[in-house]
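This is what each chain is made of:
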Amino acid sequence: MVKDMESFQSQEEKRRKRMKLAAYIGAFAVFQVIVILVFALVVMKVKTPKFRIGNGVEIQSLMAGNQSSPSFDMSFTAPIRIKNTNFGPYKYDPTTVNFTYGGVQVGQVTVPKSKANFKSTKKVDVTVSVNSNALTSTSGLGSELNSGVLTLNSQGRMNGKVELMLIFKKKKSTNMNCTMAINVASKALQSMTCK
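Model, not experiment: these values are computed from the prediction.

Participant: Break down the pattern of salt bridges for me, citing the residues and quoting the values.
Facilitator: The final tally for this structure, using the stated rule, is four salt bridges. Linking arginine 15 and glutamate 12 is a salt bridge whose minimum nitrogen-to-oxygen distance equals 2.7 Å. Linking arginine 15 with glutamate 12, this pair stays in helix 1 (residues 2-43), spanning three residues, or about one helical turn. On the basis of relative accessible area, arginine 15 is assigned to the partly exposed category, the value being 39%. For aspartate 125, the salt bridge is made with arginine 81, and the minimal N-O distance between the two is 3.7 Å. Here the residue aspartate 125 occupies a position in strand 8 (residues 120-131), and arginine 81 occupies one in strand 3 (residues 72-84), the gap between them amounting to 44 residues. By relative accessible area, aspartate 125 is classed as exposed at 55%.

Have a look at this one:
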């Protein structure tokens, strides 16, 4: 009878150990599922990078014509910013940025091929030359120059790939659509808005 009791206690102890082991394995499996879900939803989620002109536009030269023949000829340095919020580098192709006045292209610049590292902003300064030679009608330009503010738009589409864990590559394209107001008298950037 004592042997039966010891045998029963031994079996009961083994059962408890198996239950504890099963609980540990179950908790570990749940933990692994949570880690995988967080990884898939946060780290592996690819966001579209932002492609903008920064506020540090520096005007090197600006010549504006008068009322009888309204015109402009300007050269400036535009700080292009590519903000990558992903957990992998964004490798982008050469990109053309067009500068327009009233829907007419007045200048163009190319952003060279490069990459924005993960969770960082790539800064590229480009020199831009714009002039009013391509404008067929300058009636709106005359009144704008008289008001003392010249408004230019910049558009561009950047194509590239986000690389995650050196294995996965996801194509991502981002657009630039910025409007800059330049104070003609002070030859300085007055405001910059990007969509």
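Participant: Account for the packing of aromatic side chains, naming residues and giving values.
Facilitator: Per the stated rule, a full pass over the model turns up three aromatic pairs. Ring geometry for phenylalanine 76 versus phenylalanine 99: centroids 5.7 Å apart, planes at 85°, classification edge-to-face. On the criterion of sequence distance, the pair formed by phenylalanine 76 in strand 3 and phenylalanine 99 in strand 5 (residues 95-101) is long-range, its members being 23 residues apart. Of the two residues, phenylalanine 76 and phenylalanine 99, neither departs from the other in class, the shared state being buried. Sitting over the face of the ring of phenylalanine 87, lysine 119 holds its NZ or CZ atom 4.6 Å from the ring centroid.

Participant: Any details on a nonpolar patch on the surface? Residues and values, ideally.
Facilitator: On the surface, Phe39, Met165, Leu166, Ile167 and Phe168 cluster together into a nonpolar patch covering about 560 Å² of accessible area. Topologically, phenylalanine 168 is positioned in strand 10 (residues 168-183). Look at phenylalanine 168 and you get partly exposed, because its relative accessible area is 43%.

Reading the values: rules and limits
- Residues numbered from 1 in each chain as written.
- Predicted model: local features only at pLDDT ≥ 70, side-chain atom pairs only at ≥ 80, totals over all residues.
- Heavy atoms only, no water.
- Salt bridge = Lys/Arg side-chain N within 4 Å of Asp/Glu carboxyl O.
- Helix = DSSP H or I, 4+ residues; strand = E, 2+ residues; numbered from the N terminus.
- Buried < 20%, exposed > 50% of the residue type's maximum accessible area, 1.4 Å probe, protein only.
- Phe/Tyr/Trp six-rings, centres within 6.5 Å; stacked < 30°, edge-to-face > 60°.
- Lys NZ or Arg CZ within 6 Å of the ring centre and 35° of its normal.
- Patch = residues over 30% accessible without salt bridge, like charges linked within 9 Å, V, L, I, M, F, W, Y side chains within 5 Å.
- Areas by Shrake-Rupley, 256 points an atom, 1.4 Å probe, with all protein chains shown as cover.

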